[in-house]
Amino acid sequence: MIRNVITLVFLVVTTSVLAQKRSLSHEDYDLWKEIEDTKISQKGKLIVSVIRTATKRGDGYIEIYNIRTKQKTTFFNGYEPSITHDERFVVFKRKPKYETTRKEKKKKVKKDQKEKDALFIYDVTTNKILDSVSRVMSYKMPDKSSDWVVIEKFKNKKLKEDKEVKDSVKPKLGKAYEQKYALIYHLTTKKKDTIYQIKDFAFSEKGDAFYYSKTTHKKSKDKKGKEAREKDIGVFKYDISSGKEMVLDSTKYLYDRLVVDKKGKYFSFMSAKDSTHVDSLEYELFLSNDKEVINLVDTSGKNLRNNWKLSDGKTSFFSENSARFYFYSKPKVTYIKDTTLLEDEIPQVDVWNWSDKMIQPEQKARFKELETKAYLSYYEVEKKSIVHLQDEIFEDIVFDKNKEKRFILGATSAPYSIERSWNLPWTRDFYVIDTYTGKKRLALTKTALQPFLSPNNKYALYYDMQEKHWFSLDLNSLEKRNLTKSLNVAFYDEDDDHPMLPYRYGFGGFDKEGNGLIYDKFDVWKVSLSGDKQPVNITGKGRQKNIVYRTLRLDSENRNVASYSNNKLLITSFDKTTKASGLYVLKGSTLIEKIKPSEFFIDEYKKAQEAEVITFQKQNFNTFQDVHYTSDNFGRITQITEVNPQKKDFKWGGAELFSWKSYDGKMLEGIIYKPDDFDPSKKYPLITYFYEKRADSYRNYYTPRPSASVVNPSYLVSNGYIMFVPDIVYEDGKPGPSAYNCVISGVEAVEKLGYIDSANMGIQGQSWGGYQVAYLITVTNKFKAAMAGAPVSNMTSAYGGIRWQSGLSRAFQYERSQSRIGKNLWDGFDLYIENSPLFGIPKIETPLLMMHNDNDGAVPYYQGIEMFMGMRRLQKPVWLLVYNDEQHNLRKEKNRQDLSIRMMQFFDHYLQGKPAPKWMTQGVSRVDKGKNFGYDLEENDIQIKNTIRSSDR
C-alpha cells in the first residue's frame, strides 16, 4: 500500500513537472548555442571558450575562465580570441549585434557603411576591458611575445555630407579614409602607431620585429593600355623597441608573399619589377637579414633548374631552426596564342582523352590547385647552397616536424592514376629523398596509406594493406621489416564489409622512446621500429573486456607524437557494450583510471603546452557537451560552461540501446529514442532513421537545429515520436537486400515491444541512407510515409556519372566503396538492376518526400529526378524539394529551416493525422516561389491519395 502511494505521488509530481514543459518547435532553434572554440593559455591559467548560436541567427559570447581565481567573465559577441604568452591579456574581436547586421541587409546598406567588428583587450589582472578599437578587419599577435598586437583596420567611415552646406569645396580627407591601414598596439602602454596604405604583414614567433608591404591603392595601365595591378610602395621593417620604420626595398612594382622565420632573424619576400606582363608577372625571390638583402632567384632563373621559373602561387617557409629556407618553382610553359582572334572567336571546349591521367571534371574541380602546382627546393642558409627536392614526379612531400632532417618521402600516384576511376584503395609510390643531396630512391610501390617518419629520422612506419601488417622502412638501407607478423591479432578493420581491402585501425603516434603505437580493434601496441624487440600490448585486456583503448595526440604542431600527462601516456577508453568513455594514464604496464567511465561520451581533449591543465567535453542524449577541466592530476574535475540552460524548459527524452537478431541470424545493435513522458501502455508513431552503423553514437547529444538533411532525435521525441536507429551490415552485391535484412527485422523487433503504433510508421535517410529508403519502399509496404534525401535511384546511370564536387568518376564507389556492388557494370549488370529503386517503382505504395539539390556534388541531381518522374508517371504520391544552388547537404540556414518545417509537416500529416500543408495538396507554382511558402495547413481534413494496404503495414 505504502509503495503504491509513493508511486502515485511520484507519477503526479513527474506529470506536473512535464506539464510545465513544452515541446520543441521550429521557432525554438535560435535558442540553442554551441561551443565554437576552446583555448587554453600556454601556462594553463586561462581557458577561453567562444559560444555562438547554433543557427548563427542571433548573438553569442566569449567566456574567459581564470583557473587561479575561479572567476568567469563573459563578453557579448566575442570571438577569435588570443591569449598573450604571459597570460596578462586576452585579445578578441566582437561582432555587431545580429539584429543590426540583419537590418543593414534589409536596407541594403553599402559595404563601407556597414557596422564592422571591434577589437577588445581584456586585462586579466584587473578583470576589466583595457581598451577597444573600432572597425577592425583582422588582427595578429606573436606567439611568444606579450607586448604588442597588429590590428588591421577598415578605412575610416566617411561622414554623410550635409545637404544644407552649399560650399562646393570639399575638405581633403587623410589616408585613413582612402584604404585600410594598421595599428601597432602596445598592450602595456596602450600606445598606438599607425601604418597607412598597408598591404600585407608578417612577424616572427618572438615578435621583435614587424615586416610589411605598402601599396598606393591606385590602378595603372600596362603597355597595352589594359588595367594593371595597383603599384606597391615597398617593403619595410618596423622596430618594436624604437618605433622606427626602415625601408628594405622600394624599387619594385609589386611585393608579395612576405615570410619571417620563428626567431625573427630572416625575412623573405617576392617582387616583380614592373607590370608589363600583368597576366604573367615575373617574380624574383629575396632573403633578408640584418646585414644584407640577397636575391635568391631572379627572372633569368638563377639557382633554378634549366628552363624553370619561380612560382608565385605558393608561399615560401623556413625550417624550425631557420637553417633552411624552402621555396617553390616550376617548369616554364610557353603558349603560342593566336592574338588575332577576338574573344568570341576562341572555342570553349573540354577535350577528353582516354589516356588522360586525370579526367576533365577532376581537372576542373582541382583547377586552382593544378594551376598553382609547384615543386619544392631549399636554400641552405649557412652553406649558401641550393638543393632541389621535388620534381614533376611527386605530388606530395612527407616531412619531419622540424623540416631539417636528412631523409624525407616523396609520393607519386602517376603509375596508378587512370585506375583511380574504378579502383580503391588509391595507391602511390613512395621515394626516399636525401635532403643533403636531392637524391631519390624508390622505396615503396603501390602503397595505399602514407607512412610516418620516425622522430630519429632512421625509419618510416607504414601499414601494408595487401600484407595486412605494419612494417618499418630503414631510410638509409631501404630494408623493410614486418613488425607484426608474429602476432595472432588483426590490425585491419575486422568488421569492414566493403568489397575491397580493409583499412588499418590506426596509428597512435610515437612515444617518448620513439616506438610506434599502433591499434588493433581494441588495444594499443608498442612496436620497436628496428624490429629488435617483440611488440607489446600496452593496454592489456581491451579485447576481453570489449573496451577500445586509444592514445591522444594533442600537440597541434606535432600530431605524430603521443601525449603525456605528468610524464605518463594518456589513454582513452570506449566501452563497446555501454558506449561509455573514460581516461587513463599508463604507469609502467598498468592503466590508472583518471576519468571513470560513466553515462557520458567524452571528447575534444586539449592540453596546455606548459602546464598539466586539460580540458574536455562530455555529453549524452540529455546533457549538452559543456567544457570541463582538471589542473590537479584529475583530483578534481570542474565544469566551467553552461551553454544551454533553457533545455530545462522543454520536453526532451531518453536513449536506450537495443539489440535484435536479423533475418539471417546476425546480432545487431541500434538506438531507441523515447519521449520524457513515455508511457509503455500507449502507442507511439515511429520514425526509423539509419546510416551505416550508428549504435556507438548512443551517448551523443543532439542540438535542436534546422536540418541539413536528416531528422533530429531531440525534436522528434519532444513532439511525441519514437525514433529508431538500426545498424546495418552488408553482403557484397546486395546493398538493398542487406538494408532490408537489418532495418525491417529491427523495426519488427521494436514493434514487438508493444508501444509502437504499427499503422503509423515512417522512414527517413539521406544520401546512402536516402538510397536505402528509396529501395525499401519498393520491397515493403510497412511504412506509411518515407523521406529520402539525395537518393541514388538508378545505379546503371549513376555508375557512369561524376561526383561533380571532386570531379571523380562514380565507378569506384560502386565497385569498391559504399555502394558495395563489388563488380563493374558489365560483369554485374543484374546486380545493378536488382538494387536500383527505379525498377521497383511499380511496387511502391508508400508516399515519398525527396530532397535533391541542383548543385549536389556527391549524388547527381538527375537521380532524384528519375525517381520523381517515374513515380509521377505511375501516379504514386511523391514530392521533390530542390534547393537552388545547394549542395548534397544544405548549407544555408534559411533552406535548413524550410526543410525542417516541410519534412515534419509531411510526417505529422501521415503519422500523427495532422492537416496537410498546402504545398503538399496544392503545390507551389514558379510564380509563387519566394512569396507563398505553402506552409499553411488545409482547413478541411483533406486526405492525400494513399494506396498503402493497411494489412501490409
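The paragraphs below set out a description of the structure included in this document. What you see is a predicted model, and the numbers here were worked out from it, not measured in a lab. (Residues numbered from 1 in each chain as written. Predicted model: local features only at pLDDT ≥ 70, side-chain atom pairs only at ≥ 80, totals over all residues. Heavy atoms only, no water.)

Turning our attention to a nonpolar patch on the surface. The grouping of Y861, Y862, I865 and M869 at the surface amounts to a nonpolar patch, some 310 Å² of accessible area in total. Here Y861 shows up in helix α12 (residues 861-873). (Patch = residues over 30% accessible without salt bridge, like charges linked within 9 Å, V, L, I, M, F, W, Y side chains within 5 Å. Areas by Shrake-Rupley, 256 points an atom, 1.4 Å probe, with all protein chains shown as cover. Salt bridge = Lys/Arg side-chain N within 4 Å of Asp/Glu carboxyl O. Helix = DSSP H or I, 4+ residues; strand = E, 2+ residues; numbered from the N terminus.)

The next subject is the side chain of Q764. Among the structural elements, Q764 can be located in strand β53 (residues 756-766). A relative accessible area of 0% places Q764 in the buried class. Among the polar contacts made by the side chain of Q764, one reaches the main-chain carbonyl oxygen of S709 at a distance of 3.0 Å. Among residues more than four places away in sequence, those in contact with Q764 are I687, T688, Y689, F690, S709, V710, V711, V773, M787, M903 and F907. (Buried < 20%, exposed > 50% of the residue type's maximum accessible area, 1.4 Å probe, protein only. Polar contact = N/O pair within 3.5 Å; in protein donor to acceptor, adjacent residues only side chain to side chain. Contact = heavy atoms within 4.5 Å.)

Here we take up the nonpolar core. Core analysis: the largest hydrophobic core is formed by 55 residues, its most contacted members being Y673, V711, W879, L899, F906, F907 and Y910. Counting residues per element, this core draws most heavily on helix α13 (residues 893-912), which supplies 7 residues. For V711, the contacting residues outside a window of four places in its chain are I687, Y689, L716, M723, Q764, M903 and F907. Counting 50 residues, the second-largest nonpolar core is a separate cluster that includes F658, I728, A774 and Y775. (Core = buried A, V, L, I, M, F, W, Y, C linked by side-chain atoms within 4.5 Å.)

Under the criterion given, the structure shown has 62 aromatic pairs. Ring geometry for F269 versus F286: centroids 5.1 Å apart, planes at 15°, classification stacked. You can see F269 sitting in strand β20 (residues 267-272) and its partner F286 sitting in strand β21 (residues 283-288), a full 17 residues away along the chain. On the basis of relative accessibility, which here comes to 8%, the residue F286 falls in the buried class. Seen in terms of ring centroids, F318 and F325 are 4.8 Å apart; in terms of plane orientation they differ by 40°. Their pairing is tilted. The exposure classification of F318 matches that of F325, with both residues buried. (Phe/Tyr/Trp six-rings, centres within 6.5 Å; stacked < 30°, edge-to-face > 60°.)

In short, geometric facts, not functional conclusions.
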